[in-house]
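Structure at a glance
Each chain, letter by letter, is given below.
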Amino acid sequence: MAKEEILLVKDLHTYFESPRGTVRAIQNFSLSLSKKQVLGIIGESGAGKTTIGLSIMRLLGMDGHIETGTVHLEKQDILSLPETEMRSIRGKDISMTFENSSSILNPSDSVGDQIRETIRIHTNLTYKESNELTLQSLNEIGMQNARKVMDMQPRELSAGACQKVMLVMSTILQPKVLIADEITRSLDIITQAQISDHFRRRISKTDISTLLLTNDPGILAQLADTVIVIYKGRKLEQAPIQEIFKRPMHPYSFQLLRPMENRKLKTMRSESIDESVDPDMCPLVAKCQRAISKCRTSEMPQDTDINGHHQVACYNPISVAID
Ligand code: SF4
């Protein structure tokens, strides 16, 4: 049976204006997210993961804009909606969690007030009903003393507790799409495990489709079905989770996901080098050990489909399976 597509991003180009000129943060990026799928996007800090999320949410701020591209939520073109309509979609149909949740939450409102406000804006639940739903959700995520926490302000909570509050706020209304940005980064191992567990249970019990933005291959391996690897705002490879860990074809994916074998194969130079590269070319050409003359004379390679579910954008991909 064909999978039901919930979110479709096509040929996204997101640019920022800076004092040094235009920064092409995201170039020619596409993805398709189906119902209940967990699609991981992995890349180093600064690769553009958060910018992809903010582009979909239309929260780029004053300096950023979508130059070209389309974003469809269940076939509705959300880039062309008036901001008032977009506001009713954010938080209800698409939610985003952020890494630094303690600085995103309002420091002076109680946790209960902030979660209930999300419910109030988008539903007709009574105060009592939204209060019960809030308490139940905080308990489900493993928040200690949930009832007491509802009366506390975020500044009184640990980073892990704030992250749990943020995750509750973004999933309590069971959005169609959750954009989860580094949900476990900077947390202790126990809180990481609790959040991952909650995330898995929440996703399996609901129809939420998730974009999981991370730089941690471990979180990806635990939670994602499919993976996209990005570098400097460019999509390099996409494949199902097991396949991409077993058989990464892009030299950069290989370095990122199979670091032990990479010590022998050496796909990327580790020393720091001047990376000023023509923005239309492969962004890795200066550090890639597999670069061939075509890489230095041609534009960024297009996605090539390998077997119907594995795509790679590289002129000289790795072709051996690693057992
Ligand atoms: S296109 Fe060329 S430079 Fe870029 S990653 Fe592939 S082999 Fe390396």
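Only a predicted model underlies this, so the values are computations on that prediction, with no experimental measurement involved.

**So, the overall build of the protein**
- Along its length, the protein carries 13 helices and 12 strands.
- At 21 Å, the protein has a C-alpha radius of gyration in line with the 20 Å of a compact globule built from 323 residues.
- For the C-alpha atoms alone, the extent of the protein along its principal axes is close to 65 × 45 × 45 Å.
- Looking at the protein as a whole, 41% of its 323 residues qualify as buried.

**Digging into the site of the ligand**
- Every residue close to the ligand is listed here: Pro 251, Cys 282, Leu 284, Val 285, Cys 288, Arg 290, Ala 291, Cys 295, Pro 301, Cys 314, Tyr 315 and Asn 316.
- Its residues assigned to classes, the shell around the ligand shows 10 nonpolar, one polar and one charged.

**So, the packing of helix α7 (residues 159-171) against helix α8 (residues 189-205)**
- Across the interface, α7 lies against α8 with an axial gap of 10 Å and an inter-helix angle of 10 degrees. Relative to α8, the element α7 lies roughly parallel. Contact with α7, carried on its side by Gly 160, Gln 163, Lys 164, Leu 167 and Thr 171, involves Thr 191, Ile 195, His 198 and Arg 202 of α8 and no other residues of that element.
- Here the residues of the contact of α7 with α8 sort into two nonpolar, five polar and two charged.

**Some remarks on the pairing of strand β6 (residues 94-97)**
- Alternating positions in β6 separate into two faces, Ile 94 and Met 96 on one and Ser 95 and Thr 97 on the other, with burial throughout.
- Sheet analysis places β6 next to strand β7 (residues 177-181), joined by four bridges and oriented parallel. Across the sheet, the residue bridging to Ile 94 is Val 177, located in β7.

**Side note on the sheet that holds strand β2 (residues 21-34)**
- A sheet is described by the order of its strands in space; here four strands give the open sequence β2-β1-β4-β5, paired in antiparallel fashion. The open sheet has two edge strands, β2 and β5 (76-77), and neither has a second partner.
- Where strand β1 (residues 5-18) meets strand β4 (residues 64-73), eight bridges bridge the pair, whose relative direction is antiparallel. From the neighbouring strand, Thr 14 faces β4, where its bridge partner is Ile 66.
- Sheet contacts for helix α1 (residues 49-57): β1, β2 and β4; angle to β2, the most-contacted strand, approximately 75 degrees.

**What to know about helix α4 (residues 111-122)**
- For α4, which comprises 12 residues, the first-to-last C-alpha distance of 18 Å matches the rise-based estimate of 16 Å (1.5 Å per residue) to within 8%.
- Taken as a whole, α4 has its buried residues at Val 111, Gly 112, Ile 115, Arg 116 and Ile 119. Mapping the buried residues of α4 onto a view down its axis gives an arc of 115 degrees, with all of them on the same face.
- Summarising the contacts, the buried residues of α4 are in contact with α5 (127-140), α6 (146-150) and α7.

**As for the domain arrangement of the protein**
- In terms of domain boundaries, the protein breaks down into domain 1 (5-224) and domain 2 (230-312).
- Of note, the centres of domain 1 and domain 2, computed from C-alpha atoms alone, are 28 Å apart.
- The interface is formed by 14 residues belonging to domain 1 together with 11 residues belonging to domain 2.
- Only β2, β3 (38-42) and α9 (217-223) provide two or more residues apiece to the side of domain 1 that touches domain 2.
- Considering every element that reaches the side of domain 1 that touches domain 2, the biggest residue donor is β2, with five residues.
- When grouped by side-chain class, the residues that make up the side of domain 1 that touches domain 2 number nine nonpolar, three polar and two charged.

**Quick word on the pairing of β3**
- The buried fraction of β3 amounts to five of the five residues, a majority that puts the element mostly inside the structure.
- Side chains Val 38, Gly 40 and Ile 42 project from β3 onto one buried face, and the interleaved Leu 39 and Ile 41 project onto a second face that is buried too.
- Two elements, β3 and strand β8 (residues 209-214), share five bridges in a ladder whose sense is parallel. Counterpart to Ile 41 in the pairing with β8 is Leu 213.
- Taken together, the four bridges between β3 and strand β9 (residues 226-231) define a ladder with parallel strand orientation. Bridge pairing links Ile 42 to Val 229 in β9.

**Details of the nonpolar core**
- Ranked by internal contacts, the top residues of the largest apolar core, which has 77 residues, are Ile 179 and Leu 211.
- By residue number, the principal contributor to this core is α7, which donates seven residues.
- Looking at which domains feed residues into this core, each of domain 1 (5-224) and domain 2 (230-312) gives three or more.
- With residues up to four places along the chain from it excluded, the contact list for Ile 179 reads Gly 53, Ile 56, Met 57, Ile 94, Met 96, Leu 211 and Leu 213.

**Brief notes about the environment of Ile 244**
- By the secondary structure assignment, Ile 244 is in helix α10 (residues 241-246).
- For the pair formed by Ile 244 and Lys 205, sequence separation is 39 residues and the distance between their alpha carbons is 26 Å.
- For Ile 244, the residues in contact, after removing those within four places along its chain, are Val 227, Glu 237, Ala 239, Ser 253 and Leu 257.

**A short note on the environment of Arg 87**
- As for its placement among the helices and strands, Arg 87 is situated in helix α2 (residues 83-89).
- Note on Arg 87: 13 C-beta atoms within 10 Å, which makes it partly exposed.
- In sequence terms Arg 87 and Arg 58 are 29 residues apart; their C-alpha atoms lie 9.7 Å from each other.

Conventions we followed
Residues numbered from 1 in each chain as written. Predicted model: local features only at pLDDT ≥ 70, side-chain atom pairs only at ≥ 80, totals over all residues. Helix = DSSP H or I, 4+ residues; strand = E, 2+ residues; numbered from the N terminus. Rg over C-alpha atoms; globule rule 2.2 N^0.38 Å. Buried ≥ 20, exposed ≤ 12 C-beta atoms within 10 Å, placed from the backbone. Near = placed C-beta within 6 Å. Nonpolar A, V, L, I, M, F, W, Y, C, P; charged D, E, K, R; others polar. Axes fitted to C-alpha atoms, helices over the stretch in contact; angles between N-to-C directions. Parallel < 35°, antiparallel > 145°, perpendicular 65-115°, else oblique. Contact = placed C-beta atoms within 7 Å. Pairing = 2+ DSSP bridges. Expected span 1.5 Å × (residues − 1). Arc of directions from axis to C-beta. Domains from an automatic or database assignment. Core = buried A, V, L, I, M, F, W, Y, C linked by C-beta atoms within 7 Å.

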